[in-house]
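The lines below spell out each chain.
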Amino acid sequence: EVRPAALQARLADLYKVPGANLIVTRGSSEAIDALIRAWCRAYASSVITTPPTFDMYRVYAEIQGAAIIHVPLAADDFRLDADTVLSSCAADTRLVFLCSPNNPTGTLVPEADILRIADGLDGRAIVVVDEAYIEFAERESIADAALGRNNVVVLRTLSKAYALAGARCGVAIAAEPLIDVMSKVLPPYSFPTPVVETVLEALSPKRLSASRATVDEIIRERTRVRSALDALPCVNNTWPSDANFVLARFADLPGVVAYLRSRGILIRDFGDTDGLRSCARITIGAAAENDALLDALDAFGGSG
């Protein structure tokens, strides 16, 4: 098959959208690449990103030769300002990337702000809403609202909540004209049969139930871990998160990273990233794994 029809139908059912409004991609990254290649002319178009955010928007834009307009999130709470996004769009801006929940801050973009940006750019640019972590949030996907607009694309993936990063399976959800354009850009015959079979098995009722139970546990643990982090002397502060991780600022980030590594624990160091000085992203795991992290940080604080 040019496109994996059975997989497309199953994912349309999972995400509760018509099959004609969805296209399967090799992870969200391929969808990002296809969107930029489809709508951005090399060295003649621009895209907007809202750092600190997922870096692949920048990477694929640079590959295509698209200019990047950065609209930074608020320094204190990583809030997005919809008015600033709209006013920052140039005449050649074709795509606006909004990651919600955002990676690595864990913050949600209010649905009203997303739709206000989309309405303000109707006929000018496409708003791409990356919902890779939406299963961990207190809000449903905005896919329904996207289908009623001709300039909103929602990205979903099985990599996070369904633990299928290695299968490289995601989708783009949008109005049919947008899906038709992406279909012309994406390569045919791109999904190997073993991958399709693996994903379909992972989406069986039994496996879906297990995945949802894991998501529920992560949400509970996220609250506990954040509260415990805030009580540690080595942690300056944390931020609320709607993802499967917590962003924390440390008094001595290099020391913390090295000490945790010596105990076989890895956290994502963002200390060299603008807007995230002394910050690290901590993935929420099973209770025992989280306890090991918190015990190690407590020991580090005591030795310090």
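Use the structure listed above.
As the structure is a computational prediction, the values presented were derived from the model and not from experiment. The residue count restarts for each chain, going from 1 along the sequence in the order it is written. Predicted model: local features are reported for residues with pLDDT of at least 70 only, side-chain atom pairs are reported and counted for 80 or more only, and whole-chain, interface and lining totals are derived from all residues. Side-chain descriptors were evaluated using all non-hydrogen atoms of the structure, hydrogens and water having been removed beforehand.

> Provide a residue-level description of the overall build of the chain, including the pertinent values.
Helix and strand assignments follow DSSP, with helices taken as H or I runs no shorter than four residues and strands as E runs no shorter than two, numbered in order from the N terminus. From N to C terminus, the chain includes eleven helices and eleven strands. Relative to a compact globule of 304 residues, whose C-alpha radius of gyration would be 19 Å, the chain shows 20 Å and is just as compact. If one aligns the C-alpha atoms of the chain with their principal axes, the spans along those axes are about 60 × 45 × 30 Å. Any residue under 20% of the maximum accessible area for its type is buried, any over 50% is exposed, and the rest in between are partly exposed; the area is computed with a 1.4 Å probe on protein chains only. By residue count, 53% of the 304 residues in the chain fall in the buried class. The method behind every accessible area is Shrake-Rupley, applied with a 1.4 Å probe, and residues are considered shielded solely by the protein chains displayed. As presented, the chain carries roughly 13,300 Å² of accessible surface, and 51% of it is formed by carbon and sulfur atoms. In the chain, the 30 positive side-chain charges and the 38 negative ones have mean positions that sit 3 Å from each other. What the globule rule says is 2.2 Å times the number of residues to the power 0.38, and the radius of gyration is computed from C-alpha atoms. By the counting scheme adopted, Arg and Lys are positive, Glu and Asp are negative, and His together with the chain ends is not counted. For this purpose, a charge sits on NZ of Lys, CZ of Arg, CG of Asp or CD of Glu.

> Describe the nonpolar core, listing the residues and the values that go with them.
For the purposes of this section, nonpolar cores are sets of buried Ala, Val, Leu, Ile, Met, Phe, Trp, Tyr and Cys residues that join through side-chain atoms within 4.5 Å. Formed by 80 residues in total, the largest nonpolar core has its most connected members in Leu11, Leu158 and Phe250. In terms of residue count, helix 9 (residues 205-230) provides more of this core than any other element does, six residues in total.

> Tell me about the pattern of salt bridges, and name the residues and values.
Any carboxyl oxygen of Asp or Glu that lies within 4 Å of a side-chain nitrogen of Lys or Arg is treated as forming a salt bridge with it. Under the definition given, this model contains 13 salt bridges. The salt bridge involving Arg116 is made with Asp113; its shortest N-O contact spans 3.8 Å. Taken together, the positions of Arg116 and Asp113, both in helix 5 (residues 111-120) and three residues apart, correspond to about one turn of that helix. One salt bridge in this structure joins Asp291 and Arg224, with 3.0 Å as the shortest N-O distance. Taken as a pair, Asp291 in helix 11 (residues 287-303) and Arg224 in helix 9 lie far apart in primary sequence, 67 residues in all. A residue is classified by how much of its surface remains accessible, and Asp291, at 32% relative accessible area, is partly exposed. Among the ionic contacts, a cluster of salt bridges with common partners joins Asp55, Arg58 and Glu62.

> Account for the pairing of strand 2 (residues 46-49), naming residues and giving values.
Residues Ser46 and Ile48 point to one face of strand 2 and Val47 and Thr49 to the other, with burial holding for every one of them. If DSSP finds at least two bridges between two strands, the strands pair. Alignment of strand 2 against strand 3 (residues 67-70), held across four bridges, turns out to be parallel. Residue pairing for strand 3: Ile48 is matched across the bridge by Ile69. Note on handedness: a clockwise path from strand one over the helix to strand two, with the strands aimed away from the viewer, defines a right-handed crossover. Note that the unit made of strand 2, helix 3 (residues 56-64) and strand 3 has a crossover that is right-handed. When strand 2 meets strand 4 (residues 93-99), the two strands line up parallel, connected through three bridges. Each bridged residue has a counterpart across the sheet, and for Val47 the counterpart in strand 4 is Leu95.

> Could you give me a rundown of the environment of Phe250, with the residues and numbers involved?
Note on placement: Phe250 falls in strand 9 (residues 245-250). Since its relative accessible area comes to 1%, Phe250 is described here as buried. On a C-alpha basis, the gap between Phe250 and Leu232 in space is 9.8 Å, while along the polypeptide they are 18 residues apart. Those residues in contact with Phe250 that sit more than four places away from it in its chain are Cys234, Val235, Asn236, Val256, Ile267, Ser278, Ala280, Ile282 and Leu297. The contact criterion used throughout is that any non-hydrogen atoms of two residues lie within 4.5 Å.

> Provide a residue-level description of the sheet that holds strand 2, including the pertinent values.
Ordered in space as 1-7-6-5-4-2-3, the seven strands form an open sheet in which the pairing is mixed. Because the sheet does not close on itself, it has two edges, and the strands there are strand 1 (22-25) and strand 3. Taking the axes of each pair of neighbouring strands and ignoring which way they run, one obtains an average angle of 25 degrees across the sheet. Angles run from 0 to 180 degrees between N-to-C directions of axes, and those axes are lines fitted to C-alpha atoms, restricted for helices to the stretch in contact. Sitting on the sheet, helix 2 (residues 27-39) is in contact with strand 1, strand 4, strand 5 (126-130), strand 6 (152-157) and strand 7 (170-174), with an inclination near 155 degrees to strand 6. Most of the contacts of helix 3 go to strand 3, to which it runs at about 150 degrees, and overall it touches strand 2, strand 3, strand 4 and strand 5.

> Describe in detail the sheet that holds strand 10 (residues 268-269), supporting the description with residues and values.
Taken together, four strands build an open sheet; the order of strands is 8-9-11-10 and the sheet is antiparallel. Lying at the two open borders of the sheet, with one neighbouring strand each, are strand 8 (235-238) and strand 10. Taken together, the three bridges between strand 8 and strand 9 define a ladder with antiparallel strand orientation. Considered in strand 9, the bridge of Val235 is made with Phe250.

> Can you break down the pairing of strand 9 residue by residue, with the values?
Buried residues dominate strand 9, accounting for five of its six residues. Where strand 8 hands over to strand 9, the hairpin turn is made up of six residues, counted between the paired strands. Inspection of the sheet shows strand 9 paired to strand 11 (residues 279-283) by five bridges, in the antiparallel sense. Looking at the pairing, Ala248 lines up with Ala280 of strand 11.

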